[in-house]
Structures are given as structure tokens and as C-alpha cells.
Amino acid sequence: MATKKYTVTLPEELAEEIRHEVGSGGFSAYVTRAIERQREQDRLGELVTWLEDEHGPVTEDELASAEAERRDFERHFTEQGAASGERRRRAG
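Calculation criteria
Residue positions are given per chain, counted from 1 along the sequence in the order it is written. Local features in this predicted model are restricted to residues whose pLDDT is 70 or higher, and side-chain atom pairs enter the listing and the counts only when it is 80 or higher, whereas totals over whole chains, interfaces and linings include all residues. Processing note: side-chain calculations cover all non-hydrogen atoms of the structure and skip hydrogens and water entirely. In this description a helix means any DSSP run of H or I spanning at least four residues, a strand means any run of E spanning at least two, and both kinds are numbered starting from the N terminus. Here the radius of gyration uses the C-alpha set of atoms, whereas the globule reference equals 2.2 Å times the residue count to the power 0.38. Only protein chains enter the accessibility calculation, which uses a 1.4 Å probe; a residue whose area is less than 20% of its type maximum is buried, one above 50% is exposed, and one in between is partly exposed. Neither His nor the chain termini are counted; the positive set is Lys and Arg, and the negative set is Asp and Glu. We put the charge of a Lys on NZ, of an Arg on CZ, of an Asp on CG and of a Glu on CD. For this analysis, a salt bridge means a side-chain nitrogen from Lys or Arg found within 4 Å of a carboxyl oxygen belonging to Asp or Glu. Patch definition: residues with relative accessible area over 30% and no salt bridge; like charges joined within 9 Å; nonpolar side chains (Val, Leu, Ile, Met, Phe, Trp, Tyr) joined within 5 Å. Note that accessible areas follow from Shrake-Rupley with a 1.4 Å probe, and for residues the cover is restricted to the protein chains shown.

Asker: Mind laying out the overall build of the protein chain, listing which residues take part and the relevant values?
Answerer: Helix and strand counts for the protein chain stand at 3 helices and 0 strands. Starting at the N terminus and ending at the C terminus, the protein chain contains elements arranged as α-α-α. A compact globule built from 92 residues should have a C-alpha radius of gyration of about 12 Å, whereas the protein chain, at 21 Å, is more than 25% larger. Overall, the C-alpha framework of the protein chain stretches about 55 × 50 × 30 Å when taken along its three principal axes. When the 92 residues of the protein chain are sorted by exposure, 5% land in the buried category. Mean positive and mean negative side-chain charge positions of the protein chain (14 and 21 charges, respectively) differ by 11 Å.

Next comes the structure, spelled out in C-alpha cells:
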């Protein structure tokens, strides 16, 4: 992908904290990834708005149902990970 240099203004403390963590050579890549993530969030927000315009807002019951399903998935994968780790310990 072609690149172009831009000048942006950032809070000094934030910029120095990031530069310290990633090094001067990783700063541009870090900022690029942050902007890409923000663009993804913006697009998801646009999708939510469009879906709500088409189908109405998500109800409290639908949110509760989705959260319960998410917890079930999380529990399942946590249990799978624990079982997998136990099998590795026995095999090792």
C-alpha cells in the first residue's frame, strides 16, 4: 500500500507513552492500526444505524438473550480450553 506522510497533533504525554512502548520505528504502524480499528468501529456503527432504521432498535429482551448466548459460548470455550490443557498435561 502506498504511504504518504501527514502531520497530526497528539497530546505529548500520550505520544511519548506510545513511542516508549513501541519504539520510534513502530510509532507509525501503531497509529495506522489505531486508525484502522477506529474506521472498523465507524463502519460497524453505520451498520447498526442502518439495521435499526430497517428493523427497529434492539429490544432489552433481545440484548439479554444475546448476552446469555455470549456467556454460554464463553463458558463452553473456557471449559474446552481447560480440558485441552489437562489432556496436554497428561500426555506430557
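Back to the write-up after that little detour.
Asker: Describe the pattern of salt bridges, naming the residues involved and giving the relevant values.
Answerer: As enumerated under the stated definition, the model contains 4 salt bridges in all. For the salt bridge of Arg70 with Glu67, the shortest nitrogen-to-oxygen distance reads 2.6 Å. Taken together, the positions of Arg70 and Glu67, both in helix α3 (residues 60-91) and 3 residues apart, correspond to about one turn of that helix. Its relative accessible area of 39% is what places Arg70 among the partly exposed residues.

Asker: I'd like to hear about a negative patch on the surface, residue by residue, with values.
Answerer: A surface patch of negative charge is lined by Glu12, Glu13, Glu16, Glu17 and Glu21. Considering the arrangement of structural elements, one finds Glu16 in helix α1 (residues 12-22). Given a relative accessible area of 44%, Glu16 falls into the partly exposed group.

Asker: Before we move on, could you go through the environment of Gln80 and cite the residues and values that matter?
Answerer: As for its position among the elements, Gln80 is in helix α3. For Gln80, a relative accessible area of 40% puts it in the partly exposed group. Along the primary structure Gln80 and Glu17 are separated by 63 residues, whereas in three dimensions their C-alpha atoms are 37 Å apart.

Asker: Give me the lowdown on the environment of Thr59, citing residues and values where you can.
Answerer: Note on placement: Thr59 falls in the loop between α2 (27-55) and α3. Residue Thr59 is classed as partly exposed on the basis of its relative accessible area of 38%. Considered as a pair, Thr59 and Gln38 are 21 residues apart in the sequence and their alpha carbons are 26 Å apart.

Asker: An account of a nonpolar patch on the surface is requested, with residue identities and associated values reported.
Answerer: A contiguous nonpolar surface patch, about 390 Å² in accessible area, is contributed by Leu44, Leu47, Trp50 and Leu51. A relative accessible area of 42% means that Leu47 is categorised as partly exposed.

In short, the description is geometric, and any link to function would need to be established separately.
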